[in-house]
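# A structural walkthrough
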Amino acid sequence: MSGLDKIIETIDGSFEQSCDDAIAEAKKQADDIIKKAEAQAEQTKAELLALSRQGFERDYARSVASFEAEEKRKLLYAKVKTADGVISKAMRKIKELPCGRYFDLCFKLFEKYFDGGDCAMLFSPEDVTRMPQDFKQAVAQKAGQSKVDIRGDGEMKGGGFVLDFGEIRENCTFDALLENKADRIKDRVFAALFEKAV
């Protein structure tokens, strides 16, 4: 083999070795890139899965909270309707009390709200018609020196009475008393009906 052949063989061998080295290096770099890409893909997949899970959990929590809020609204509505029914029934019973008990209740209200002074005590015409004489005497006795003019008023309805002092009127109708104390009465009804259920 001549020197030129040896040089060519050495160059070919070096070239082949360089090519092999370059290919090996390229393969190694490609493997590293693939491993990094796979690791990045796994990390991205895990992050997306976590975000998806968080979104699902957040949406689920919102749905549960919304459902629970709706159930509470429905329960409160049912409780209010029940309480209103109990109060309406109680008002009906009060308005339908036998005459003696009805006017005993009216007298207790008179004692509570009468502060003295001349006034008119206004009842419905039906109440004036059925009013017992001893009620009128008890009012006169309680009024003392003050004059209380008990009379019917066509606008009066729903039970109870109004004390008219001229410029000041004390509304002692059952509906007005209920309205003034509605929240307190409802609280008591709620407590009686639902306290044990809580």
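Scope of this entry: the structure provided in the associated data block. Keep in mind the model is a prediction, meaning the values are calculated, not measured.

## Notes on the overall build of the chain
Helices and strands together make up the secondary structure of the chain, namely six helices and four strands. In the chain, which comprises 198 residues, the proportion classed as buried is 22%. Sequence separation of at least 24 residues holds for 75% of the intrachain contacts in the chain that already meet a minimum separation of 6. Counting only carbon and sulfur atoms, one obtains 54% of the accessible surface of the chain, whose full area is about 14700 Å².

## A look at the pairing of strand S3 (residues 160-164)
Within a regular beta strand, the side chains point alternately toward one face of the sheet and then the other, so they alternate between its two faces. The buried count for S3 comes to five of five residues, which makes it a mostly enclosed element. The two faces of S3 match: Gly160, Val162 and Asp164 on one face and Phe161 and Leu163 on the other face are all buried. Bridge count between strand S1 (residues 119-123) and S3: three bridges; the pairing is antiparallel. What sits directly across from Leu122, in S3, is Val162. Relative to strand S4 (residues 169-173), S3 is paired through five bridges, and the arrangement is antiparallel. Directly across from Phe161, in S4, lies its bridge partner Cys172. The turn linking S3 back onto S4 is made up of four residues, and Gly166 within it adopts a positive phi angle of 105°.

## Quick notes on the side chain of Ser146
Inspection of the secondary structure puts Ser146 in the loop between helix H4 (133-143) and strand S2 (148-152). The class of Ser146 is buried, set by a relative accessible area of 18%. Apart from residues lying up to four places away in sequence, Ser146 is in contact with Phe114, Gly116, Gly117 and Asp118.

## Focus: the pattern of salt bridges
On inspection of all chains with the given rule, the structure shows six salt bridges. The salt bridge involving Arg73 is made with Glu70; its shortest N-O contact spans 2.8 Å. Pair noted here: Arg73 and Glu70 are both in helix H1 (residues 3-95), with a separation of three residues, about one helical turn. On the accessibility criterion, Arg73 (48% relative accessible area) is partly exposed. Salt-bridge contacts for Glu71 lead to Lys74; the nearest nitrogen and oxygen are separated by 3.9 Å. Residue Glu71 and its partner Lys74 are both found in helix H1; the two are separated by three residues, about one turn of the helix. Owing to a relative accessible area of 35%, Glu71 belongs among the partly exposed residues under this scheme. On the accessibility criterion, Lys74 (47% relative accessible area) is partly exposed.

## Focus on the side chain of Asp127
Mapped onto the elements of the fold, Asp127 is located in helix H3 (residues 125-130). Leaving out residues up to four positions away in the same chain, Asp127 has contacts with Tyr102, Phe103, Gly159 and Gly160.

## What to know about the nonpolar core
Judged by nonpolar contacts, the single largest core of 28 residues is most densely connected at Phe110, Met121, Phe123, Phe135, Val148 and Phe161. Taken together, the elements giving at least two residues each to this core come down to H1, helix H2 (99-113), S1, H4, S2, S3 and helix H5 (174-180). Counting residues per element, this core draws most heavily on H2, at seven residues. Excluding anything up to four places from it in sequence, Met121 contacts Phe110, Phe135, Val139, Val148, Asp149, Ile150, Arg151, Phe161, Val162 and Leu163.

## Focus: the sheet that holds S1
Taking strand neighbours across the sheet as the criterion, the four strands line up as S2-S1-S3-S4 in an open arrangement whose pairing is mixed. At either end of the open sheet lies a strand with only one pairing partner, and these are S2 and S4. Between one strand and the next, the sheet's axes are offset by a mean angle of 20°, whatever the strand orientation. Where S1 lies against S2, five bridges are found, and the strand directions are parallel.

## Some words on H4
Considered for burial, the residues of H4 that qualify are Phe135, Val139 and Ala143. All buried residues of H4 project into a common sector of 70° when viewed along the axis, lining one side. Facing away from the buried side of H4 by over 90 degrees, the exposed positions are Asp134 and Gln141. The inward-facing, buried residues of H4 abut H2, S1 and S2. Backbone geometry just after H4 places Gly144 at a positive phi near 65°.

What counts, and where the lines are drawn
Residues numbered from 1 in each chain as written. Predicted model: local features only at pLDDT ≥ 70, side-chain atom pairs only at ≥ 80, totals over all residues. Heavy atoms only, no water. Helix = DSSP H or I, 4+ residues; strand = E, 2+ residues; numbered from the N terminus. Buried < 20%, exposed > 50% of the residue type's maximum accessible area, 1.4 Å probe, protein only. Contact = heavy atoms within 4.5 Å. Areas by Shrake-Rupley, 256 points an atom, 1.4 Å probe, with all protein chains shown as cover. Pairing = 2+ DSSP bridges. Salt bridge = Lys/Arg side-chain N within 4 Å of Asp/Glu carboxyl O. Core = buried A, V, L, I, M, F, W, Y, C linked by side-chain atoms within 4.5 Å. Axes fitted to C-alpha atoms, helices over the stretch in contact; angles between N-to-C directions. Arc of directions from axis to C-beta.

Any functional reading would require information beyond the geometric quantities listed.
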